[in-house]
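Results of the structural survey
Listed below, chain by chain, are the residues.
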Amino acid sequence: MSESTFHRLPEEYRDLNDSPPITVEPPETWLKDWSAIFQLRKNLLVLWPKRAYEGKTFAAQLFNQHYFICNSPDSVRRVFLDEHDNYDRKSPQMRHSLEPLLGDGLFVSDGEVWKERRAYCAPAFEAELLPDFATVMVQSARELADQWANLPTGSTVDMLNEMARLTSRIIGRTIFGDDTSEKEAAIVVDNFSQYQKAIEQLNFSDSFGFPQLKWLGNPLSKWQSLRAAQKIHEVIDRIIERHPERAKPESPTLLSYLLGEHTSKKTGAKRCPLSSINARNEAIVMFMAGHETTANTLAWVWYLLDHNPRVSAKLREELDRVLGDRPPSFEDVQHLHYTRAILEETLRLYPPVPVLSRQARTVDEIRGKEVPADSIILVIPWLLHRHRLYWEKPNHFIPERFMPGQPRPDKFVYIPFSVGPRVCLGLRFGLTEGILCLATLAQRFRATLAPGHQVEIECRLTLRPQDGLPMQLEPTTPYVKVPQ
């Protein structure tokens with residue numbers, strides 16, 4: 001495979017003096033002592049030294065566990081595409097972290113179970129359904145904008161929480177066909193945050209290859225994570241229970257496919273219903289993936305727009321030119337080029353899932369290095385997206401690198417939705433949702449970081465602003481159409 005994957009900026013943006021947004025300052029060398037483990041419990045990204053942002057592969061042995069880090073397009077391609085069947089299992093750490101919440105759901109399953117569940121879930125994300133979903137996305141964002149309009153001038157909101165509430169309502173209304181209440185959305189949002197804080201990202205058993213010691217751990221944290229998972233389960237169970245009353249034969253939903261009520265337009269196959277537990281597991285996967293990743297991305301977008309007034313002004317110009325004073329629609333998505341570029345550049349700088357893990361079933365060789373069976377393979381979008389060999393000005397926020405006419409980045413270097421057979425089912429859904437929600441809200445409001453708040457990065461299961469993102473809202477100047 002050719003290594004000519006360096007992604008250049010448009011020439012007029014190569015000498016910009018914009019300051020880069022918040023990042024994780026890499027250490028000079030690999031972390032030197034065991035005290036660093038406590039840092040990793042909050043932020044997995046503090047591990048990687050400067051040379052990890054220009055290396056192509058790394059290997060390490062931590063007691064009984066062998067690790068292999070793929071950090072080049074050819075190594076990522078081998079693991080996620082060419083030899084997918086050997087690397088289809090998530091790492092033990094990832095499986096054990098998510099099983100209390102997701103059970104055997106699509107995100108953590110593998111083999112035949114994964115193939116079967118993927119077939120159940122895929123029809124809900126077919127392109128034909130997007131126009132109807134887009135209407136719900138815009139309506140939900142307009143409702144939030146109306147709520148903001150009723151707040152006192154200069155009010156401060158937690159933008160991370162606001163975006164999470166918005167996206168959870170959208171998922172409830174689109175993928176589940178359910179008018180999820182504000183209270184239910186808040187329960188899911190709050191408890192997933194609690195789950196991330198409580199779950200053990202690094203435990204002795206999985207991280208160091210001692211499965212016989214899996215009983216070790218903090219019992220309080222385990223109880224807190226199980227309690228948070230239970231509260232999320234209760235909300236999803238209620239949505240499933242309500243489904244027969246609200247189901248519309250002409251409007252298929254994820255639940256109608258899981259419960260065997262609809263056929264896929266592509267295959268025409270009508271499947272047997274999943275058990276209630278299996279249906280719940282897949283519903284939770286889609287609910288959590290659908291709301292958490294887009295919410296985090298939108299929160300980072302608001303931070304970046306405040307950080308970079310040049311980009312904010314260009315966004316407003318595009319919204320005024322394309323939309324005027326009307327709300328966006330699905331047909332506008334193809335014309336909102338700069339809005340989309342902002343989303344894509346945000347996904348590059350702050351990938352929602354910044355660490356992807358697999359476990360090798362059998363021995364392999366990658367770039368001339370042996371990969372023993374049961375090795376944990378790490379593919380790290382955070383590193384790939386800021387890799388000095390593949391990106392010009394990798395730490396800067398420059399949406400123009402994703403505008404039409406620019407070469408697309410290598411698909412094994414830019415992987416915010418993963419890549420290969422396990423690429424995110426909701427890729428089109430998430431991008432459409434992000435573009436329409438940003439356009440709807442940015443038409444009416446700008447947001448500035450609350451005075452005195454220092455943005456920090458937290459990386460647990462997902463990448464989010466630590467301790468939320470307090471921002472002050474300011475209505476934008478109403479659009480006035482200039483007479484011709």
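All of the points below concern the structure found in this document. (Residues numbered from 1 in each chain as written. Predicted model: local features only at pLDDT ≥ 70, side-chain atom pairs only at ≥ 80, totals over all residues. Heavy atoms only, no water.)

What follows is about the pairing of strand β1 (residues 57–62). In this structure, β1 lies alongside strand β2 (residues 65–70), joined through six bridges in antiparallel fashion. Following the sheet pairing, A60 is matched in β2 by Y67. The turn linking β1 back onto β2 is made up of two residues, and F63 within it adopts a positive phi angle of 55°. (Pairing = 2+ DSSP bridges. Helix = DSSP H or I, 4+ residues; strand = E, 2+ residues; numbered from the N terminus.)

Next up on the list: the sheet that holds strand β3 (residues 156–158). Strand order in the open sheet formed by three strands is β3-β11-β8, and the pairing between neighbours is antiparallel. In the strand order of this sheet, the two ends are held by β3 and β8 (445–449), each with one partner. Taking the axes of each pair of neighbouring strands and ignoring which way they run, one obtains an average angle of 40° across the sheet. Summarising the sheet, β8 and strand β11 (residues 470–475) pair through five bridges and their orientation is antiparallel. Residue L449 lies in a different strand from β11, and its bridge partner there is M471. Strand contacts of helix α11 (residues 276–307): β8 and β11, with the helix running at about 80° to β8, the strand carrying the most contacts. (Axes fitted to C-alpha atoms, helices over the stretch in contact; angles between N-to-C directions. Contact = heavy atoms within 4.5 Å.)

So, about the environment of H396. Along the chain, H396 falls in the loop between α14 (381–384) and α15 (427–444). Expressed as a C-alpha distance, the spacing of H396 and S19, which sit 377 residues apart in the sequence, is 7.1 Å. Sequence-distant contacts of H396, that is, excluding residues within four places in its chain, are made with D18, S19, P20, P21, E345, R348, L349 and R401. In this structure the side chain of H396 is engaged in a polar contact, spanning 3.2 Å, whose partner is the backbone oxygen of D18. (Polar contact = N/O pair within 3.5 Å; in protein donor to acceptor, adjacent residues only side chain to side chain.)

Below, the discussion takes up the nonpolar core. The biggest cluster of nonpolar side chains holds 113 residues, and the ones touching the most others in it are M159, M163, Y350 and W382. Among the elements that take part in this core, α11 stands out by supplying 16 residues, more than any other. If sequence neighbours within four positions are ignored, M159 has contacts with W148, A299, W302, A447, L469, M471 and L473. By size, the runner-up hydrophobic cluster in this structure holds 17 residues, among which are F68, V76, L356 and V419. (Core = buried A, V, L, I, M, F, W, Y, C linked by side-chain atoms within 4.5 Å. Buried < 20%, exposed > 50% of the residue type's maximum accessible area, 1.4 Å probe, protein only.)

The next point concerns the pattern of salt bridges. Tallying each qualifying case throughout the model produces 38 salt bridges. As a salt-bridge pair, E184 and R238 come within 3.4 Å of each other at their nearest N and O atoms. One end of the pair, E184, is in helix α7 (residues 182–198); the other, R238, is in helix α9 (residues 219–246), and 54 residues separate them in sequence. Accessibility expressed as a relative area gives 6% for E184, which makes it buried. Using a relative accessible area of 32% as the deciding quantity, one classes R238 as partly exposed. (Salt bridge = Lys/Arg side-chain N within 4 Å of Asp/Glu carboxyl O.)

Turning our eyes to something else, we now look at the environment of N43. For N43, the location among the structural elements is in the loop between α1 (36–40) and β1. Classification of N43 as buried rests on a relative accessible area of 9%. Residues N43 and V24, spaced 19 residues apart in sequence, show a C-alpha to C-alpha distance of 9.3 Å. Dropping the residues within four chain positions of it, N43 is found in contact with V24, I457 and C459.

Bringing the packing of aromatic side chains into the picture now. Inspection of every chain in the model, using the stated rule, returns ten aromatic pairs. Where W148 meets F445, the ring centres are 5.4 Å apart and the plane angle is 90°; that geometry is what we call edge-to-face. You can see W148 sitting in helix α5 (residues 130–149) and its partner F445 sitting in strand β8, a full 297 residues away along the chain. By relative accessible area, W148 is classed as buried at 3%. (Phe/Tyr/Trp six-rings, centres within 6.5 Å; stacked < 30°, edge-to-face > 60°.)

Attention now moves to the sheet that holds β2. Read across the open sheet, the four strands follow the order β1-β2-β7-β4; overall the sheet is mixed. Looking at which strands have only one partner, the edges of the open sheet turn out to be β1 and β4 (356–359). Direction aside, the axes of adjacent strands within the sheet are offset by 20° on average. Taken together, the four bridges between β2 and strand β7 (residues 376–379) define a ladder with parallel strand orientation. Across the sheet, F68 pairs through a bridge with I377, a residue of β7.

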